[in-house]
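Below, each chain spelled out in residue letters.
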Amino acid sequence: MNNKVLFGVLTILFNSYGVPCFMQGQVKTGVLRIVLAIVTFGVIGIINLVKGIILGIKILKMSDAEFEEAKKEYITDGIPA
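Just so we're clear, the structure is a prediction, and the values are computed from it rather than from any experiment.

Focus on the overall build of the protein chain
Now for step 1: When its secondary structure is counted, the protein chain shows five helices and zero strands.
Now for step 2: Going from the N terminus to the C terminus, the protein chain shows its helices and strands as α-α-α-α-α.
Now for step 3: With 81 residues in all, the protein chain has 30% of them scored as buried.
Now for step 4: Look at the contacts in the protein chain between residues 6 or more apart in sequence, and 63% of them connect residues 24 or more apart.

Now the structure itself:
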């Protein structure tokens, strides 16, 4: 997770698949997102897609210093699966 632009774009495109969680080392959360998307027939996946677009845009708008500060905590904290 060294590149802010890569992380932001992957968050926009693949948040519903849990890719940002896997990139941050949160394997349980990533697997939970995939399982919930399957169990709910994609409803949770669509919700996470919208949240991923919002979060990805926020990440891309961050300065490098803000991004480095946010990396100390998990960026997806506060966004439930």
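Right, picking up where we left off after that structure.
As for the pattern of salt bridges
Now for step 1: Across all of its chains, the model carries one salt bridge by this definition.
Now for step 2: Across the salt bridge formed by Lys4 and Asp64, the nearest N and O atoms sit 3.7 Å from each other. Of this pair, Lys4 sits in helix H1 (residues 4–14) while Asp64 sits in helix H5 (residues 64–71), and the two are 60 residues apart along the sequence.
Now for step 3: Note on Lys4: relative accessible area 13%, which makes it buried.
Now for step 4: Overall, the relative accessible area of 56% leaves Asp64 in the exposed class.

Describing the packing of aromatic side chains
Now for step 1: Evaluation of the coordinates by the stated rule reveals two aromatic pairs.
Now for step 2: Considering the side-chain rings of Phe7 and Phe67, the 6.3 Å spacing of their centres and the 50 degrees angle between planes classify their relative orientation as tilted. Here the residue Phe7 occupies a position in helix H1, and Phe67 occupies one in helix H5, the gap between them amounting to 60 residues. Taken as a pair, Phe7 and Phe67 share a single burial class, namely buried.

Remarks on unusual backbone geometry
Now for step 1: Of note in this structure, Phe41 is not a glycine but carries a positive phi near 55 degrees.
Now for step 2: Structurally, the position occupied by Phe41 is in the loop between helix H3 (27–39) and helix H4 (43–61).

Concerning a nonpolar patch on the surface
Now for step 1: A cluster of nonpolar residues, Phe22, Val27, Val31, Ile34, Val35, Ile38 and Val39, forms a patch on the protein surface that exposes about 590 Å² of accessible area.
Now for step 2: At six residues, H3 tops the list of elements feeding residues into the nonpolar patch.
Now for step 3: Mapped onto the elements, Ile38 comes out in helix H3.
Now for step 4: With a relative accessible area of 61%, Ile38 lands in the exposed category.

Conventions adopted
- Residues numbered from 1 in each chain as written.
- Predicted model: local features only at pLDDT ≥ 70, side-chain atom pairs only at ≥ 80, totals over all residues.
- Heavy atoms only, no water.
- Helix = DSSP H or I, 4+ residues; strand = E, 2+ residues; numbered from the N terminus.
- Buried < 20%, exposed > 50% of the residue type's maximum accessible area, 1.4 Å probe, protein only.
- Contact = heavy atoms within 4.5 Å.
- Salt bridge = Lys/Arg side-chain N within 4 Å of Asp/Glu carboxyl O.
- Phe/Tyr/Trp six-rings, centres within 6.5 Å; stacked < 30°, edge-to-face > 60°.
- Patch = residues over 30% accessible without salt bridge, like charges linked within 9 Å, V, L, I, M, F, W, Y side chains within 5 Å.
- Areas by Shrake-Rupley, 256 points an atom, 1.4 Å probe, with all protein chains shown as cover.

Interpretation in functional terms is not warranted from these geometric data alone.
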